[in-house]
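# Reading the structure
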Amino acid sequence: MTRAPGDPVRVEVTKWGDRPHWRFAGVWLGSDAYGEWLGFPAGTHNSRPGFAFDSEVDAVTLVPHEGHWLATFHASGIWCDLYIDVSTPATWDGDVLRTVDLDLDVIRMAPEDPGLSFTAPQNQRAGWGEVFIDDEDEFLEHQVAYGYPPEVVAAARASADGLHAAVVAGAAPYDKVAHLPWLALLDQRA
């Protein structure tokens, strides 16, 4: 399917075993050497069973050409600037992007800025600007409860470890620069 900048898209994320998880809508922005970029303006409604919220800031998500992850880069104003969901490789079904969340997340906290009015989450496990892998306990629990195959466990673990190292090293596209043109494009569309 050929997409044009601004085309509406939907993201549908499940947990293993086709259990419902996150659903939200956005726009397709374009693609580059890293993959396809999707835009989600501030106010985008995000929902999953038992919880929903409207995003506070603009965000762009990188869907890699290959890989077990989706990387979301947030505009300034919230507690993290990068949130990478370790997942199965994402696939398109028409204008719907589908993936299975595999629990592990690589998170880079926002840099500390006394001018920001937000409060860090109560369960913040890292300092401002630091990078960490989250939900290790959930990953271990779901391996048993949901019956992850060994190859899925290995791929998720390798992906999380590799992403953590790349983000800490500041490798592109996690260099705090590669996503900026896409955030600017999303802002122009608003």
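Look up a bit, the structure's there.
Residues numbered from 1 in each chain as written. Predicted model: local features only at pLDDT ≥ 70, side-chain atom pairs only at ≥ 80, totals over all residues. Heavy atoms only, no water.

### So, the packing of helix H1 (residues 136–145) against helix H2 (residues 150–169)
- At a closest axis distance of 11 Å, the pairing of H1 and H2 adopts a crossing angle of 170 degrees. By the angle class used here, H1 and H2 are roughly antiparallel. Between H1 and H2, the residues in contact are Glu136, Phe139 and Gln143 and Val153, Ala156 and Arg157, respectively.
- Residue composition of the contact of H1 with H2, by class: three nonpolar, one polar and two charged. (Axes fitted to C-alpha atoms, helices over the stretch in contact; angles between N-to-C directions. Helix = DSSP H or I, 4+ residues; strand = E, 2+ residues; numbered from the N terminus. Parallel < 35°, antiparallel > 145°, perpendicular 65-115°, else oblique. Contact = heavy atoms within 4.5 Å. Nonpolar A, V, L, I, M, F, W, Y, C, P; charged D, E, K, R; others polar.)

### Regarding the packing of aromatic side chains
- Applying the stated criterion to the full structure yields eleven aromatic pairs.
- Centroid distance tryptophan 16 to tyrosine 148: 5.7 Å. Interplanar angle 65 degrees. Geometry classified as edge-to-face. Here the residue tryptophan 16 occupies a position in the loop between strand E1 (8–15) and strand E2 (19–32), and tyrosine 148 occupies one in the loop between H1 and H2, the gap between them amounting to 132 residues.
- Consider the rings of phenylalanine 24 and phenylalanine 40, whose centres lie 5.2 Å apart with planes at 75 degrees: the pair is edge-to-face. Residue phenylalanine 24 is located in strand E2, and its partner phenylalanine 40 is located in strand E3 (residues 35–40); the two are separated by 16 residues in the primary sequence. Residues phenylalanine 24 and phenylalanine 40 agree in their burial class; the two are buried. (Phe/Tyr/Trp six-rings, centres within 6.5 Å; stacked < 30°, edge-to-face > 60°. Buried < 20%, exposed > 50% of the residue type's maximum accessible area, 1.4 Å probe, protein only.)

### Considering the pattern of salt bridges
- If you walk through the whole model with that rule in mind, you get eleven salt bridges.
- Taking the shortest distance from any N to any O, the salt bridge between glutamate 12 and arginine 23 comes out at 2.9 Å. Linking glutamate 12 in strand E1 with arginine 23 in strand E2, this pair joins segments that are eleven residues apart in sequence.
- Across the pair aspartate 103 and lysine 15 runs a salt bridge, and its minimum N-O distance is 2.6 Å. One end of the pair, aspartate 103, is in strand E10 (residues 96–109); the other, lysine 15, is in strand E1, with 88 residues separating them in the sequence. Judged on exposure class, the residue aspartate 103 and its partner lysine 15 are both buried.
- When salt bridges that share partners are traced, they join Arg10, Glu12, Arg23, Asp93 and Arg98 into one network. (Salt bridge = Lys/Arg side-chain N within 4 Å of Asp/Glu carboxyl O.)

### Some thoughts on the side chain of threonine 72
- Topologically, threonine 72 is positioned in strand E7 (residues 69–74).
- According to the relative accessible area criterion, threonine 72 is buried, its value standing at 14%.
- A distance of 2.8 Å separates the side chain of threonine 72 from the side chain of threonine 61, its partner in a polar contact.
- Discounting residues that sit within four places of it in the chain, threonine 72 has contacts with Ala59, Val60, Thr61, Asp81, Leu82 and Tyr83. (Polar contact = N/O pair within 3.5 Å; in protein donor to acceptor, adjacent residues only side chain to side chain.)

### Let's talk about the pairing of strand E6 (residues 59–64)
- Of all six residues in E6, six are buried, a share of seventy percent or more.
- Residues Ala59, Thr61 and Val63 line one face of E6 and the alternating positions Val60, Leu62 and Pro64 line the opposite face, and both faces are buried.
- Note that E3 and E6 share six bridges and pair antiparallel. Across the sheet, the residue bridging to tryptophan 37 is leucine 62, located in E6.
- Pairing between E6 and E7: four bridges, direction antiparallel. Note on E7: the bridge partner recorded for alanine 59 is histidine 74. (Pairing = 2+ DSSP bridges.)

### Comments concerning the nonpolar core
- With 30 residues, the main nonpolar core has Val60, Ala71, Phe73, Ile84 and Tyr174 as its most contacted residues.
- Those elements that provide at least two residues to this core are E2, E6, E7, strand E8 (80–87), E10, strand E11 (131–134), H2 and helix H3 (180–189).
- Listed in part, the eleven residues of the second largest apolar core include Trp22, Phe24, Phe40 and Leu97. (Core = buried A, V, L, I, M, F, W, Y, C linked by side-chain atoms within 4.5 Å.)

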